[in-house]
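Read off the chains here:
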Amino acid sequence: MLSRIGRWIDERAHLSELWQSQMVDYKVPKNLTFPYAFGVMAIVAFAIQIISGIFLTMYYQPNIHTAFDSANYTIMKEVPFMWLVRHVHAAGANFFLAIVYLHIFTGIYYNAYKKPRELTWIVGWVIYFVLLVTALTGYLLPWGQLSYWGMVVTAEIPTSIDSAPIIGSLKIGETISILMKGGYEIGQVTIGRFFGLHIWLLPLILLALVSFHLYLVRAAGISNPEGREIDKKKEGVPFHPYITLKEGAYLMGYLAVFFFFVFFYMHHFLPADNYDPADPFKTPAHIAPEWYLLAYYTIFRSIPDKFLGFVAFNLTLVFLLILPLLDFSPIKSARNRPLFFIMFIVLVISSMALTILGTMPPTPTNAMLGLIFTAGLFSFFIALPIISIIEWGWYKAKGGEKQ
Amino acid sequence: MIKSIFFTLITLVFFYIIWINNIFAPHERYEMPAQYAKIAEDVKSYAKEGKQLFEQNCQACHSVRYDGVYISSVQANPKLQTLQEKYGKVLPRDVYESVFYEDLMGLKESFGKVPPDLSTIYLVKGKEYLYAFTLEPQKVLPGTSMPPVMTGRPEETAKIVAYLKSVAEPSPEEKSKRVLMGVGTIAYLIVMGVLLWIYKGRLLKRMGLH
């Protein structure tokens, strides 16, 4: 009976043809390494966020008087199993960003931003940026001390434009800051706006962008660890069942780690200070952004001039966006590029060091270290055109495209 | 191979530092004698006694709203029951703060600020800090307006901490249920992962793709 219903639907919707053409006949390189699974993990993390978020909106109240209680009493204590949903959502946000970072670094390592995949990279960058904004808006919603003061500090950052020589007198920074907060202080307007952005606008934008990103991956083809375009008819393996099973197994491992944190280790994802209701008259001792923003924060903090610091951390984001332009070498993948590989290690170590420095108190030594690692981070981006020129030489010497 | 090991290790070390144990960030530690720590941990035996001690010593100024415990003057107010019939045991914060505005402002006049609600304080401060602070407020936080009510009564202080723990954290039975759920979920995912991996190997061998 069931199979007859299935056949009836299939005759009309042609779903099995779609499956055959998109999943089975779709060929991918056989040598895809483990890091290629970060893409599918990110999709799953996104789905987890959407589902758990929908359940949270059923009980959360975006109101400065009741937000804290709705999160910490109604959700955590009153309604059965909502604690699980909140744990999943809070840990999920951190895991989502962690996976996205790993995905970005994988993309840089295998040079997945080069022709014909520049647009995939750019769309991916926009996803990353929107994701950061989503995380930032969501962080305010529990209305704890960290949520409140974290946002106070974040909304202060654009005002550093006002310390610039000429454009400073226009007070652009202050305008942006007021726009972010919805007034001169963080209050009901802010929480209402952030709630709307966090549950409707930003996820919808993300959904559209992620779909486009996925489409572009299919349109331009998956990159290859060896850095050459494969002849899919000869070398490719069917996406299903080869990749679906392989990455499905990886995915189970990822989810096992994720649920370990959800059930047994939430100290970092639901930090202790955030169980204190927001109090505009009491500044907590240590205010720092969440870990995924700490590298930018350290760059901003260690440069003595406020405006220059602001420019520097925005420049990092811009460099990431124009990575396909900076790196115009014809050779792909760090496996074939020893110089690029060295600079990639510099990039990884500097960004990790900057993040860890962000958790430390701002002493002069730490500021000095911050400057050194900022230089390391920028040296990666500045070295790219130089490496590319050298590699064009090698490429020509070897006979260019004929090899 | 050596590259994979290097990148895996550096990633794991990074997330260990950022998420689990940040050896670089400053930590504040407070001491608590082992026998009292044991009392504060043991919610099952001491939470009830702790609640009575809380009512005698702390309730004059502090509420524990998530447990339906309000400051004494509010608790004596007949309005409270009418409101609780309407809103439930835990009154919405704005309702509570506006109806009992005068009681709270009275406290503010004597202490300089409204003494905080203690529903989630255990999660914020941890038992060591709560114990040390309640026992000798001026020593831990010089200049605080909290009076040294419990000084010289360490055992009773530990029992109050146990009560605050019982309000902030899920009950021991609930906790063991969650552990069971967690172990079940993780075991299921690992078994599924292994099965998928084996199935993949077999299927690919049959297809000649291995």
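Residues numbered from 1 in each chain as written. Chains lettered and ligands numbered in written order. Predicted model: local features only at pLDDT ≥ 70, side-chain atom pairs only at ≥ 80, totals over all residues. Heavy atoms only, no water.

Draft legend 1. Local environment of the domain arrangement of chain A. Residue and element names in this part refer to chain A. In terms of domains, chain A is made up of domain 1 (24–283) and domain 2 (288–403). Relative to domain 2, the C-alpha centre of domain 1 lies at a distance of 22 Å. Taken together, the 38 residues of domain 1 in the interface contact 31 residues of domain 2. Here domain 1 and domain 2 share an interface that buries about 3300 Å² over both sides, 68% of which is from carbon and sulfur atoms. (Domains from an automatic or database assignment. Contact = heavy atoms within 4.5 Å. Buried area = accessible area lost by both parts, 1.4 Å probe.)

Draft legend 2. Main features of the nonpolar core. Formed by 119 residues in total, the largest nonpolar core has its most connected members in Ile 108 and Trp 291 of chain A. If sequence neighbours within four positions are ignored, Ile 108 of chain A has contacts with Tyr 113, Trp 121, Leu 320, Leu 323, Phe 340, Phe 344, Leu 347 and Phe 380 of chain A. The next biggest cluster of nonpolar side chains, apart from the first, holds 28 residues, and it includes Tyr 36, Val 90, Ala 158 and Ala 168 of chain B. (Core = buried A, V, L, I, M, F, W, Y, C linked by side-chain atoms within 4.5 Å. Buried < 20%, exposed > 50% of the residue type's maximum accessible area, 1.4 Å probe, protein only.)

Draft legend 3. Spotlight on the interface of chain A and chain B. The interface is formed by 56 residues belonging to chain A together with 50 residues belonging to chain B. Where chain A touches chain B, the interface holds one salt bridge. Between Arg 65 of chain B and Asp 69 of chain A there is a salt bridge, with its nearest N and O atoms 2.3 Å apart. The interface formed by chain A and chain B holds eight residue pairs in polar contact (both at pLDDT 80 or more) in total. Those elements that place two or more of their residues in the side of chain A that touches chain B are helix 4 (67–78), helix 5 (82–109), strand 2 (237–238), helix 11 (239–264) and helix 15 (338–358) of chain A. At 15 residues, the largest contribution of residues to the side of chain A that touches chain B is made by helix 11 of chain A. Grouping the constituent residues of the side of chain A that touches chain B by class yields 40 nonpolar, nine polar and seven charged. (Salt bridge = Lys/Arg side-chain N within 4 Å of Asp/Glu carboxyl O. Polar contact = N/O pair within 3.5 Å; in protein donor to acceptor, adjacent residues only side chain to side chain. Helix = DSSP H or I, 4+ residues; strand = E, 2+ residues; numbered from the N terminus. Nonpolar A, V, L, I, M, F, W, Y, C, P; charged D, E, K, R; others polar.)

Draft legend 4. Focus on helix 7 (residues 145–156) of chain A. Residues and elements named next belong to chain A. The terminal C-alpha atoms of helix 7, which comprises twelve residues, lie 17 Å apart, in line with the 16 Å expected from a rise of 1.5 Å per residue. Gln 145, Leu 146, Ser 147, Tyr 148, Trp 149, Gly 150, Met 151, Thr 154 and Ala 155 are the residues of helix 7 that are buried. Looking at the packing, one finds that the buried side of helix 7 touches helix 6 (118–140), helix 8 (172–181) and helix 9 (188–220). (Expected span 1.5 Å × (residues − 1).)

Draft legend 5. Representation of unusual backbone geometry within the structure. Residue and element names in this part refer to chain A. Residue Pro 116 follows Lys 115 across a cis peptide bond; omega there is 5°. As for its position among the elements, Pro 116 is in the loop between helix 5 and helix 6. Cis geometry marks the peptide bond from His 240 to Pro 241; its omega dihedral reads 10°. Along the chain, the position of Pro 241 falls in helix 11.

Draft legend 6. Here's a closer look at the packing of aromatic side chains. Within this structure, the stated rule accounts for 59 aromatic pairs over all chains. Relative to Tyr 395 of chain A, the ring of Trp 392 of chain A lies with its centre 5.6 Å away and its plane at 85°, an arrangement referred to as edge-to-face. Placement of the pair is Trp 392 of chain A and Tyr 395 of chain A together in helix 16 (residues 364–397), with a separation of three residues, close to one helical turn. Overall, Trp 392 of chain A belongs to the partly exposed group, its relative accessible area being 33%. Across from the ring centre of Phe 341 of chain A, 4.7 Å away, lies the NZ or CZ of Lys 3 of chain B, which sits over that ring. The aromatic ring of Trp 83 of chain A is capped on one face by Arg 178 of chain B, whose charged end is 3.7 Å from the ring centroid. (Phe/Tyr/Trp six-rings, centres within 6.5 Å; stacked < 30°, edge-to-face > 60°. Lys NZ or Arg CZ within 6 Å of the ring centre and 35° of its normal.)

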